[in-house]
Amino acid sequence: MNLPQNAQLQTVKSTTPQYIRSHSLKSSAASNEYFSDYATDATSQKSDDSKASYETPPSRVSTPILQQNHPDSEMTLPSRPSAIQPAPLNIRHETSNGRSTVRMLSSFDEMSPPTPGVDDTPFIRFAIEQLTRDEDVMGRGRHSTASPYQQSVSPILPRAESVSDSPRSSASSTPPSPPKQQSSPQPGFQVTRKPLAQEVLIPVDLSKDLRSELGFVPFPLRFPVLALYLCLCLLMIAGLVFSLVFISSNHALFDYDGNATPRYFVFQYLPQLLGIIMILWLFVIEAAAYRSLPFFCMASAARSPWVLQKMRMLPANYVLPDLIFFRTGEKMLGVAFFIFWATNFTVPLLSCAYQTQWITNDGPARFRWTAVRGVGWTLVALYGLLCVAILYCMVRFHRRKSSLLWDPTSLADLICLFRHSNILSDFEQTEVSPRPSNQLPPRACRLGFWTTSTTPDVFHAVGEEYAPIKRLSLPQLKQTEKTSNNLGPQHDAVDIEAQQRLSYGSAFSRSIHSPFVRYRWTIWFLRDSAVLAWIIASLILVIAFLVVSFVNRAVQDGFDPLLPSRTVSGGFSAADFLYSFLPSLLGMFLFLAWQPIATYFRAVQPFCNLSQPTGADARHSLLLAYPAQDAITVIFTALGNRDYKVAYMCFISLLALSIPVLAGGVFTAQFFPAQARVRMVASMPGYIALSVLVTVYALSYLVVWPTRKRYLPHNITTIAAMMSWLYASPLLADSALQNVRTKKELRERLTGSSASTVLTGDRSGGDLQDLQNLDRRSMRDTRSQHAPRFAFGIFTGRDGKEHLGIDRLQRPGSREMLVVSTAD
């Protein structure tokens with residue numbers, strides 16, 4: 001018998017929950033509230049053996065659904081295993097003797113006994129859920145004393161037990177797994193019926209237009225610049241080879257005419273001066289390679305998972321070779337940088353490449369300048385290896401392997417590269433960690449153009465392919481602020497106090513407020529004990545140097561060489577080699593020892609300016625790029641920015657290069673006929689200049705002390721260390737930094753030097769028509785007044801929590817950042 005489409009079940013004196021099976025769009029549900037203990041006015045009555053049923057009138061409005069539900073949709077009753085008939089219903093009947101019996105009905109006409117092994121509890125639960133859900137949608141649900149944010153638990157209604165214990169009814173059954181319930185929504189979030197697909201980052205296939213935008217290579221690493229440096233290396237090799245070949249067919253090079261003549265300068269000072277200039281240029285190439293290599297590794301097919309944690313961004317290949325490239329998978333580049341470090345020995349070797357020789361078989365006996373063959377061929381080999389290393393850098397840093405839009409030299413560049421990243425959640429609470437790189441998991445990061453699975457926008461960023469985007473709770477913050485505003489000022493004060501108590505009670509919040517954590521780190525050789533040791537050692541050594549040099553005219557009158565001074569046929573003299581190579585090597589050590597100090601002061605200066613109580617503008621903080629500039633440019637830039645300590649440190653680093661140049665050429669072996677002996681004599685003009693430079697260098701350690709404002713919570717050598725102070729900053733979500741495609745545009749938006757919108761929300765130049773009548777100075781003052789100021793301190797992050805890092809000093813409608821002032 002076919003069941004009508006809108007057939008409904010009728011019950012008599014039912015005290016158990018029932019449900020309605022219907023093919024209509026109405027939800028099937030049951031509840032105790034819609035049934036009474038006894039049946040009322042019967043519409044029809046038959047004999048005791050006939051079925052008596054009463055129709056329950058509809059008591060609610062059905063859920064409006066526009067389309068038919070799918071079999072496995074959320075509004076469909078779950079399928080029952082091993083049963084096609086509806087669930088058995090307990091129908092109570094009155095017999096002729098007045099006793100009440102319970103009969104199990106399994107069909108609407110003559111229901112068969114219930115299917116064994118099937119429990120109806122999940123289906124009754126589902127029906128009640130649909131009933132309650134329908135009422136909630138229509139706004140007619142029952143009032144409850146439970147919290148609206150508390151997860152609702154559906155009641156489990158027991159089945160009615162029969163008076164007679166029949167084996168069929170008492171048979172144990174294994175209930176099927178109930179349908180999954182949706183978790184209750186948290187306050188402040190939008191409630192959705194079905195979860196949306198998670199947003200992921202999707203790499204964009206490079207079209208011709210996008211490919212033309214990428215491929216930026218820093219200027220020192222570009223092919224023409226490296227080719228020019230390679231040509232200079234070849235010229236040095238050619239000059240050395242010519243000298244070595246020329247002396248084979250001739251008797252030396254030129255006659256010796258004294259130790260204070262132009263010819264003496266050419267043979268004793270000029271070679272190492274050219275060598276030190278090549279090394280200065282090499283330092284610029286190394287600095288560009290350090291800061292660019294992490295981003296070049298993000299563009300290659302075989303990406304290192306430790307690019308953020310282990311690859312340095314600051315140069316460190318000075319006194320000792322930096323072997324970090326061997327640990328990060330860049331073995332060939334590690335070999336190239338080891339060759340770069342070995343090139344430092346070219347300056348001491350160049351200082352002893354040319355010596356004087358007593359010539360007797362070419363005219364009258366006299367001293368002549370000659371080339372030392374062993375030293376010369378060693379220099380040829382070193383410069384040849386340097387050419388090979390430069391060739392590899394030309395291949396490694398080719399523009400086809402770059403996904404950069406511009407040179408990443410400052411904090412502002414990192415903000416643009418990571419503002420759309422999906423790995424920012426990895427940096428949680430790393431700002432107070434002594435080693436933030438150890439807390440980050442390995443990530444195969446990619447740099448390039450991206451889009452998301454929900455938006456068609458294309459942007460340039462660093463991220464992980466096809467990984468979900470974990471955004472911070474900006475909607476939750478807005479909703480919380482809106483709710484607190486509606487509750488009144490009294491509730492706001494109580495809520496703020498409660499949040500502060502909760503915040504200060506956590507270990508993380510105590511750490512970001514702790515002065516010990518804030519001023520914990522500086523480089524090891526600039527700690528108080530180390531600086532004190534450098535000062536004492538430098539003062540003692542410089543005093544000893546001056547005493548030994550000028551007491552009793554020891555240097556001016558000469559001293560015994562203590563080694564054989566005769567020049568052999570190959571141009572080698574043990575005394576000349578020792579007193580040229582060793583002083584130049586010591587001077588090279590002093591020069592290289594100062595470079596990490598200058599690098600530290602360059603790199604930490606933006607944070608020093610941000611740590612001021614009044615903050616700093618973008619030009620003096622976010623846009624500072626001292627480590628990416630050469631020493632000469634840094635001096636003038638730092639003087640213009642009034643960063644006098646940085647300017648002085650870079651000036652000493654340039655001044656120190658003259659120490660190995662002068663020390664390597666100041667001593668020569670001379671024969672004194674009156675005494676009939678050879679003595680080592682110094683060229684006094686060069687030696688006096690060397691003494692002055694060494695004294696200034698030693699006294700400069702007195703001003704090396706970094707002071708407290710240059711201390712940081714942890715190091716700044718890697719991308720992970722830098723991003724630990726930016727991952728929660730609202731700067732990453734600032735609309736003014738959207739769609740920045742050039743470095744010039746970034747600078748204009750941050751400094752307010754164009755008509756684009758800056759971070760303050762105002763026009764960067766104000767009314768341009770009014771400013772046309774002003775001179776350049778007044779226009780610059782107007783822009784500086786509108787330009788935002790940034791600080792390094794405690795701010796409210798995008799997740800509503802306090803963080804330690806970089807943000808605007810004050811945002812509209814919020815309090816200023818908490819910047820801990822320093823005593824110096």
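Residues numbered from 1 in each chain as written. Predicted model: local features only at pLDDT ≥ 70, side-chain atom pairs only at ≥ 80, totals over all residues. Heavy atoms only, no water.

The name given to the protein in an unreviewed UniProt entry is Phosphoribosylaminoimidazole-succinocarboxamide synthase, and the organism recorded there is Exophiala spinifera.

Broken down by element type, the protein carries 26 helices and 13 strands. In the structure as shown, the protein presents an accessible area of about 42,700 Å², 58% of it carried by carbon and sulfur atoms. (Helix = DSSP H or I, 4+ residues; strand = E, 2+ residues; numbered from the N terminus. Areas by Shrake-Rupley, 256 points an atom, 1.4 Å probe, with all protein chains shown as cover.)

Attention now goes to the pairing of strand β7 (residues 445–452). Counting buried positions over the 8 residues of β7 gives 8, a clear majority of the element. Where strand β3 (residues 201–203) meets β7, 3 bridges bridge the pair, whose relative direction is antiparallel. Residue Leu201 lies in a different strand from β7, and its bridge partner there is Thr452. In the sheet, β7 pairs with strand β8 (residues 459–464) via 6 bridges, with the strands oriented antiparallel. Bridging from a neighbouring strand, Phe449 pairs with His460 of β8. Taken together, β7 and the strand that follows it, β8, pair antiparallel across an intervening segment of 6 residues. (Buried < 20%, exposed > 50% of the residue type's maximum accessible area, 1.4 Å probe, protein only. Pairing = 2+ DSSP bridges.)

On to the confidence of the model for the protein, then. Looking at the protein as a whole, the pLDDT averages 75, with 67% of positions reaching at least 70. In the predicted structure, residues 134–195 sits below a pLDDT of 50 and forms 73 contacts with residues beyond four places in sequence or in another chain. Contacts for the low-pLDDT stretch residues 500–505, under 50 throughout, to residues beyond four places or in other chains number 6 contacts. (pLDDT = per-residue confidence, 0-100. Contact = heavy atoms within 4.5 Å.)

Next up on the list: the packing of aromatic side chains. Per the stated rule, a full pass over the model turns up 37 aromatic pairs. Where Phe267 meets Tyr354, the ring centres are 5.6 Å apart and the plane angle is 65°; that geometry is what we call edge-to-face. Highlighted residues: Phe267 in helix α5 (residues 262–268) and Tyr354 in strand β5 (residues 354–359), separated in sequence by 87 residues. Considered together, Phe267 and Tyr354 belong to a single accessibility category, that of buried residues. (Phe/Tyr/Trp six-rings, centres within 6.5 Å; stacked < 30°, edge-to-face > 60°.)

Let us look at the environment of Asp557. Here Asp557 lies in the loop between α17 (528–550) and α18 (574–610). For Asp557, a relative accessible area of 39% translates into the label partly exposed. Sequence-distant contacts of Asp557, defined by excluding residues within four places in its chain, comprise Asn552, Phe672 and Arg679.

Along helix α24 (residues 743–751), the residues that are buried comprise Lys743, Leu746, Arg749, Leu750 and Thr751. Gly752 lies just past α24 and shows a positive phi near 75°.

Here we take up the sheet that holds β3. Ordered by their spatial adjacency, 3 strands build an open sheet running β3-β7-β8, and the pairing between neighbours is antiparallel. Looking at which strands have only one partner, the edges of the open sheet turn out to be β3 and β8. Pairs of neighbouring strands in the sheet enclose a mean axial angle of 65°, with direction left out of account. Along the sheet face, helix α12 (residues 411–418) touches β7 and β8 and points at about 80° away from the line of β8. (Axes fitted to C-alpha atoms, helices over the stretch in contact; angles between N-to-C directions.)

This part is about the packing of helix α6 (residues 270–297) against helix α9 (residues 331–342). Two elements in contact, α6 and α9, have axes whose closest approach is 11 Å; the angle formed by their N-to-C orientations is 155°. As judged from the angle between their axes, α6 and α9 are roughly antiparallel. Helix-helix and strand crossings are classified by hand; for α6 and α9 the assignment is left-handed. The segment α6 lies against α9, with Leu282, Glu286, Ala289, Tyr290 and Leu293 engaging Leu333, Phe337 and Phe340. (Parallel < 35°, antiparallel > 145°, perpendicular 65-115°, else oblique. Left-handed = near helix turned anticlockwise from the far one by under 90°.)

Our focus in this paragraph is the nonpolar core. Core analysis: the biggest nonpolar cluster contains 166 residues, and Ile390, Phe418 and Ile716 have the highest contact counts within it. Among the elements that make up this core, the one with the highest residue count is α18 (15 residues). Each of domain 1 (217–401) and domain 2 (522–711) accounts for three or more of the residues forming this core. (Core = buried A, V, L, I, M, F, W, Y, C linked by side-chain atoms within 4.5 Å. Domains from an automatic or database assignment.)

Turning to the sheet that holds strand β12 (residues 789–796), a few remarks are in order. Across the sheet, which stays open at both edges, the 3 strands sit in the order β9-β12-β13 with antiparallel pairing between neighbours. Two strands lie at the open edges of the sheet, namely β9 (616–617) and β13 (802–808), each paired on one side alone. Both β9 and β12 contribute to a ladder of 2 bridges, which runs antiparallel. If you follow Asp617 over to β12, its bridge partner there is Arg789. Across the sheet, α18 is in contact with β9, β12 and β13; its angle to β12 comes to roughly 75°.

Let us look at empty space enclosed by the protein. For the coordinates displayed, the defined rule picks out 9 cavities of 30 Å³ or more. Empty space within the largest cavity amounts to approximately 310 Å³. Along its surface, the largest cavity is lined by 22 residues, and Leu314, Thr409, Ser410, Pro627 and Met722 are the ones closest to its centre. Among the secondary structure elements, those contributing two or more residues to the lining of the largest cavity are α6, α12 and α18. (1 Å grid on protein atoms, 1.4 Å probe; cavity = no way out; pocket = protein on both sides within 12 Å on 5 of 7 lines; lining within 4 Å. Points joined across faces, edges and corners; volume = space filled by probe spheres on them.)

Moving on to helix α19 (residues 631–640). Those residues of α19 lying buried are Ala631, Val634, Ile635 and Ala638. Each buried residue of α19 lies within a common arc of 105° when the element is viewed along its axis, so the set occupies one face. Of the residues in α19, the exposed ones pointing more than 90 degrees away from the buried face are Phe636 and Gly640. Next to the buried residues of α19 lie α18 and α20 (644–655). Of the residues flanking the start of α19, the one acting as N-cap is Asp630, its side-chain oxygen 3.2 Å from the backbone nitrogen of Ile632. The first or second residue beyond α19 is Arg642, which carries a positive phi of 65°. (Arc of directions from axis to C-beta. Polar contact = N/O pair within 3.5 Å; in protein donor to acceptor, adjacent residues only side chain to side chain.)

This brings us to the side chain of Thr328. Along the chain, the position of Thr328 falls in the loop between α8 (324–327) and α9. The exposure class assigned to Thr328 is buried, which follows from its relative accessible area of 10%. Within the local environment of Thr328, its side chain forms a polar contact with the backbone oxygen of Phe325, the two atoms lying 3.3 Å apart. With residues near it in sequence (within four places) discarded, Thr328 still touches Ser304, Lys310 and Met311.

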